[in-house]
Amino acid sequence: MWISLKDVINKKMIFLQQNFATRDEVLHVLIDSALQNGLISEQKPFLQAVLDREANVPTAIGYQIAIPHGKSDAVKQPFIGFLQAKQDFKWTEGYEEEVKLVFLIGVPKENEQNIHLKFISRLSKKLLDDDFRTKLLESTDVEQVYQLLNSIY
Amino acid sequence: MKIVAVTACPTGVAHTYMAQEALEKECQKRGYEIQVETQGSMGIENELEQDVIDEADVVILAVAIRIDGEERFEEKMDNGKVLQIEPADAIKHPGEVLDRAEKL
């Protein structure tokens, strides 16, 4: 089981200590990297799916966390990208919520790989764990974060 | 206190399950029994049977979309025992949500 889970989080999709202060910059970095790492076939439709979801209800859900996500045919396999900002920043103009940890989730439109979704749901739940979150906020080491994110099973 | 809940959000990959976790944690803290049905991208999980719903003191619907099997809660709705909230409310303020549920 764990072999396929490893594919959901790619070390190249983990960005720490980043100096970004807007949602769009962060999304750009993560989505650009998703393309380079072969997780999506093209940027535009996936970005659009993510922005549509944000327009519905912003995905900053407290705890200094935002979980932008999109379901799109452009997604080749379910993935999670992670970005830790140096400073808290406002996720959506007009809303109070500030974030420091961003998880970008991509899911194919037609998805039969429940195991990946299961992993994503487990990780989402784990984010409500104070210790887990503190470690993610404080870590400056990609390898450590990678191990942490993969430790939830 | 016995509580049943349904969580569901538009994409069904993250918030559905975070809301579930937040409600379960808060109930554990308070010593309440809770069963949470999730309607997400993995389909319906932990589906609530009618008898379980009937036994519950309160129903919490933390849903941002139309859910399947809404009719199961009709009787509870008629009795004013259903709290309808957004999944984000359950994630951000589970304590407040439970306070409101208690008062129903």
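Cut-offs applied
- Residues numbered from 1 in each chain as written.
- Chains lettered and ligands numbered in written order.
- Predicted model: local features only at pLDDT ≥ 70, side-chain atom pairs only at ≥ 80, totals over all residues.
- Heavy atoms only, no water.
- Disulfide = S-S within 2.5 Å.
- Buried < 20%, exposed > 50% of the residue type's maximum accessible area, 1.4 Å probe, protein only.
- Helix = DSSP H or I, 4+ residues; strand = E, 2+ residues; numbered from the N terminus.
- Core = buried A, V, L, I, M, F, W, Y, C linked by side-chain atoms within 4.5 Å.
- Contact = heavy atoms within 4.5 Å.
- Phe/Tyr/Trp six-rings, centres within 6.5 Å; stacked < 30°, edge-to-face > 60°.
- Pairing = 2+ DSSP bridges.
- Axes fitted to C-alpha atoms, helices over the stretch in contact; angles between N-to-C directions.

Trainee: Please explain the state of the cysteines as it appears in this structure.
Mentor: Residue and element names in this part refer to chain B. If you walk through the whole model with that rule in mind, you get 0 disulfides over all chains. Cysteine cysteine 9 shares no disulfide, and the gap to the nearest cysteine sulfur, in cysteine 27, comes to 19 Å. Take cysteine 9: its relative accessible area is 3%, and that puts it in the buried class. With a relative accessible area of 0%, cysteine 27 lands in the buried category.

Trainee: How should I be thinking about unusual backbone geometry in this particular structure?
Mentor: Excluding glycine, a negative phi dihedral is what most residues carry, and trans is how most peptide bonds are arranged. All names here are of chain A. Look at glutamine 17: it is not a glycine, yet its phi comes out positive at around 55°. Considering the arrangement of structural elements, one finds glutamine 17 in strand 1 (residues 9-18). Even without glycine at this site, glutamine 64 takes up a positive phi of about 65°. Of note, glutamine 64 is situated in the loop between helix 3 (43-56) and strand 2 (65-66). When its relative accessible area of 28% is taken as the criterion, glutamine 64 is described as partly exposed.

Trainee: Please explain the nonpolar core as it appears in this structure.
Mentor: Soluble globular proteins: nonpolar side chains tend toward being buried together. Ile80, Phe82, Phe103, Leu136 and Leu149 of chain A together with Ile60 of chain B are the most contacted members of the largest nonpolar core, which totals 49 residues. A total of 6 residues in this core trace back to one element, the largest contributor, which is helix 1 (residues 15-30) of chain B. In contact with isoleucine 80 of chain A, other than residues within four places in its own chain, are Val8, Ile9, Met13, Phe103, Leu104, Ile105, Phe119, Ile120 and Leu123 of chain A. Core analysis: the second largest hydrophobic core is formed by 25 residues, Phe20, Leu39, Ala66 and Leu83 of chain A among them.

Trainee: Even after reading the chapter, I still don't get the packing of aromatic side chains, so can you show me in this structure?
Mentor: Residues and elements named next belong to chain A. This model, assessed by the stated rule, comprises 3 aromatic pairs over all chains. Ring centres of phenylalanine 82 and phenylalanine 103 lie 4.8 Å apart, and the angle between their planes is 35°; on these two criteria the pair is classed as tilted. With phenylalanine 82 in strand 4 (residues 79-90) and phenylalanine 103 in strand 5 (residues 98-108), this residue pair connects regions lying 21 residues apart in the sequence. Judged by relative accessible area, phenylalanine 82 falls into the buried class, the value being 1%.

Trainee: Just to check I follow, could you spell out the sheet that holds strand 2 (residues 33-40) of chain B for this structure?
Mentor: Paired through their backbone hydrogen bonds, the strands of a sheet run either parallel or antiparallel. Residues and elements named next belong to chain B. Read across the open sheet, the 5 strands follow the order 3-2-1-4-5; overall the sheet is mixed. Strand pairing shows two members of the sheet lacking a second neighbour, strand 3 (43-45) and strand 5 (82-85), which therefore form its edges. Strand-to-strand twist in this sheet, taken as the mean axis angle between neighbours without regard to direction, amounts to 15°. Relative to strand 3, strand 2 runs antiparallel, the two being bridged by 3 bridges. Paired with glycine 40 across the two strands is glycine 43, which belongs to strand 3. Contacts from helix 1 reach strand 1 (2-8), strand 2, strand 3 and strand 4 (58-63) within the one sheet, and its direction differs from that of strand 2 by about 180°.

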